[in-house]
Amino acid sequence: ILNVEQSPQSLHVQEGDSTNFTCSFPSSNFYALHWYRWETAKSPEALFVMTLNGDEKKKGRISATLNTKEGYSYLYIKGSQPEDSATYLCAQKTSYDKVIFGPGTSLSVIP
Amino acid sequence: GAVVSQHPSWVICKSGTSVKIECRSLDFQATTMFWYRQFPKQSLMLMATSNEGSKATYEQGVEKDKFLINHASLTLSTLTVTSAHPEDSSFYICSAESYYEQYFGPGTRLTVT
């Protein structure tokens, strides 16, 4: 993998469903992995920053895991709510200080 | 929490004119700010890293004479799009770094007619 990739591109789930999406990144020169939530007409909001292989972070119903050896991170949302609707971006920071964003996963939670 | 503002939030200008976009960190000082551009349906592309008191570092393919960046103080960085053309129409967003975390502004939508 040469770029940061995210899948799926978009996702529609019913309120109450749990969901997850993937961020894939080059495992070489890894320094940190960031997750952001970007709601329409607002600034991207930092969710998590993870640096160590095996890291797991949790904030309320949202959690994330990191595998630096294979180059992926998962973001999980438990019991999705309409207010979770947003684009979720991941970004890799490399050891030479470059930040590369993925294209994002657009989540719509249907009431 | 850390707040970053951007001004203007949207601007329409005529081809050939220059446009200045301001990025301010409101409640913290940022020695490093970043400028991104987003094309429709694409991800944020880093244009340049702005360091207070020194020249900005531009990413490959970004014309530094066209996109002038000035980081005059620890709370303000400006991006000036000089001699704008319709292909410069885009969404420009800045972020400011504090304790290794990036805080984003709300973005500026530039339309060049």
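Novice: What should I look at first to understand the state of the cysteines in this one?
Specialist: Defined simply, a disulfide is a covalent bond joining two cysteines at their sulfur atoms. Under the defined criterion, the tally for this structure stands at two disulfides over all chains. Each disulfide pairs two cysteine sulfurs, and for A:Cys23 the partner residue is A:Cys90, the sulfurs being separated by 2.0 Å. Its S-S torsion of about 80 degrees marks the bond between A:Cys23 and A:Cys90 as right-handed, since a negative value means left-handed. With A:Cys23 in strand 3 (residues 19-24) and A:Cys90 in strand 9 (residues 86-94), this pair connects stretches of sequence that are 67 residues apart. Here B:Cys23 pairs with B:Cys94 through a disulfide, and the sulfurs are 2.0 Å apart.

Novice: Quick question: what am I supposed to make of the interface of chain A and chain B here?
Specialist: One widely used convention gives an interface's size as the accessible area the parts lose upon coming together. Taken together, the contact between chain A and chain B spans 14 residues of the former and 15 residues of the latter. Interface area for chain A against chain B, summed over the two sides, is near 1300 Å², with a carbon-plus-sulfur share of 56%. The largest contributions to the chain A side of the interface with chain B come from A:Trp38, A:Val99 and A:Phe101, which together make up 35% of the buried area. Where chain A meets chain B, there are one salt bridge. Of the charged contacts, one joins B:Glu97 and A:Lys93 as a salt bridge, the two residues approaching to 3.4 Å between their closest N and O atoms. The interface formed by chain A and chain B includes six residue pairs in polar contact (both at pLDDT 80 or more). Of all the elements in the fold, those that place two or more residues in the side of chain A that touches chain B are strand 4 (30-38), strand 5 (45-50), strand 9 and strand 10 (99-101) of chain A. The leading source of residues in the side of chain A that touches chain B is strand 4 of chain A, at three residues.

Scoring rules and cut-offs
Within each chain, residues carry numbers counting from 1 in the order of the written sequence. Working convention: letters from A go to chains and numbers from 1 go to ligands, in the order in which they are written. In keeping with the model being predicted, local features are shown solely for residues with a pLDDT of at least 70 and side-chain atom pairs are shown and tallied solely at 80 or more, while totals for entire chains, interfaces and linings include all residues. Side-chain descriptors were evaluated using all non-hydrogen atoms of the structure, hydrogens and water having been removed beforehand. In this description, the term disulfide denotes a pair of cysteine sulfurs within 2.5 Å. Secondary structure elements follow DSSP: runs of H or I no shorter than four residues count as helices, runs of E no shorter than two count as strands, and numbering proceeds from the N terminus. Every residue pair with non-hydrogen atoms within 4.5 Å of one another is taken to be in contact. Two parts placed together each lose some accessible area under a 1.4 Å probe, and adding up what both lose gives the buried area. A pairing counts as a salt bridge when a side-chain nitrogen of Lys or Arg comes within 4 Å of a carboxyl oxygen of Asp or Glu. Any pair of nitrogen or oxygen atoms within 3.5 Å is treated as a polar contact; in protein, a donor-acceptor pairing is required on top of that, and neighbouring residues in sequence qualify only through side-chain atoms on both sides.

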